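Structural overview
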Amino acid sequence: VNCAGLGGGALGGEDASAVTNGRGVVLQYERASVAGLAVVMSQEAPLSGGDATPAYVIPRGDVVVCGGSYDEGVTADASREEVGRIEASAAAIAPGSLGALRQVWVGHRPVRGAGVRVEVEPRATSGGVLLAHNYGHGGSGWTIAHGCAEDIADGVAAALS
């Protein structure tokens, strides 16, 4: 199974530039209040910081995860302006629910310009090798991983039957 991240395109016979870096910034806060906080996502001002960048707040146990940043091809750390915009959006979405800022994370995910590649490719070899491609998910990797794995399993089963 080709789940090689940024190298997935090259392993899959595509140009090395087929898969690029997608960068997102996430803030983690202590959870100040447990009452009434649900997962919220907004792409409208003022909750999104005044632009079309999505903003979200996700309660997780004793912390609240807040985000709303996505850039392709960027590898830099979070800028003070980015952190400030996410902080303002989070405070607007979840007033009174955020405690102290614990952590600023910058995540990097492989993004395929042509979309996620979930495909089983038979290879012409004496052993009848199958190569399953599963890469290019970008920031949606965790969200769609289960469905992509099922599609790969179904594709392998079909190719072997």
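Scroll up a little and you will see the structure.
Residues numbered from 1 in each chain as written. Predicted model: local features only at pLDDT ≥ 70, side-chain atom pairs only at ≥ 80, totals over all residues. Heavy atoms only, no water.

**Some remarks on the pattern of salt bridges**
Here is the rule: When a carboxyl oxygen of Asp or Glu is within 4 Å of a side-chain nitrogen of Lys or Arg, the pair counts as a salt bridge. By the criteria applied, helices consist of DSSP H or I runs no shorter than four residues and strands consist of E runs no shorter than two, each listed in order from the N terminus. With a 1.4 Å probe rolled over the protein chains alone, any residue whose accessible area is under 20% of its type maximum counts as buried; one over 50% counts as exposed, and the rest are partly exposed.
Tallying each qualifying case throughout the model produces 7 salt bridges. Put simply, R23 and D71 hold a salt bridge, and the shortest N to O gap is 3.2 Å. Of this pair, R23 sits in strand β1 (residues 19–31) while D71 sits in strand β5 (residues 71–72), and the two are 48 residues apart along the sequence. Note on R23: relative accessible area 2%, which makes it buried. A relative accessible area of 29% places D71 in the partly exposed class. Salt-bridge contacts for R80 lead to E87; the nearest nitrogen and oxygen are separated by 3.2 Å. Residue classification places R80 among the exposed positions, given a relative accessible area of 56%. Look at E87 and you get partly exposed, because its relative accessible area is 22%. Three or more residues are tied together by salt bridges with common partners; here these are R23, D71 and E82.

**Focus: the nonpolar core**
Spelled out, the test is: Residue types Ala, Val, Leu, Ile, Met, Phe, Trp, Tyr and Cys, when buried and joined through side-chain atoms within 4.5 Å, form a set referred to as a nonpolar core. We call two residues in contact whenever any of their non-hydrogen atoms come within 4.5 Å of each other.
The biggest cluster of nonpolar side chains holds 13 residues, and the ones touching the most others in it are L27, L37, V57, V64, C66 and I86. Among the secondary structure elements, those contributing two or more residues to this core are β1, β3 (55–60), β4 (63–67) and α2 (80–93). Top contributing element to this core by residue count: α2, with 4 residues. If sequence neighbours within four positions are ignored, L27 has contacts with V64, V65, C66, V83, I86, E87, L101, Q103 and V104.

**A word on the pairing of β1**
Heads up, the condition is: Think of it this way: DSSP has to see at least two bridges between two strands before they count as a pair.
Counting buried residues in β1 gives 11 out of 13 residues, a clear majority hidden from the surface. When β1 meets strand β6 (residues 98–112), the two strands line up antiparallel, connected through 12 bridges. Across the sheet, the residue bridging to V19 is R112, located in β6. Looking at chain direction, β1 and β5 are connected through 2 bridges and run antiparallel. Its bridge partner lying in β5, R23 is registered against D71. As paired strands, β1 and β4 are joined by 5 bridges and run antiparallel to one another. By the bridge assignment for β4, Y29 is matched with V64.

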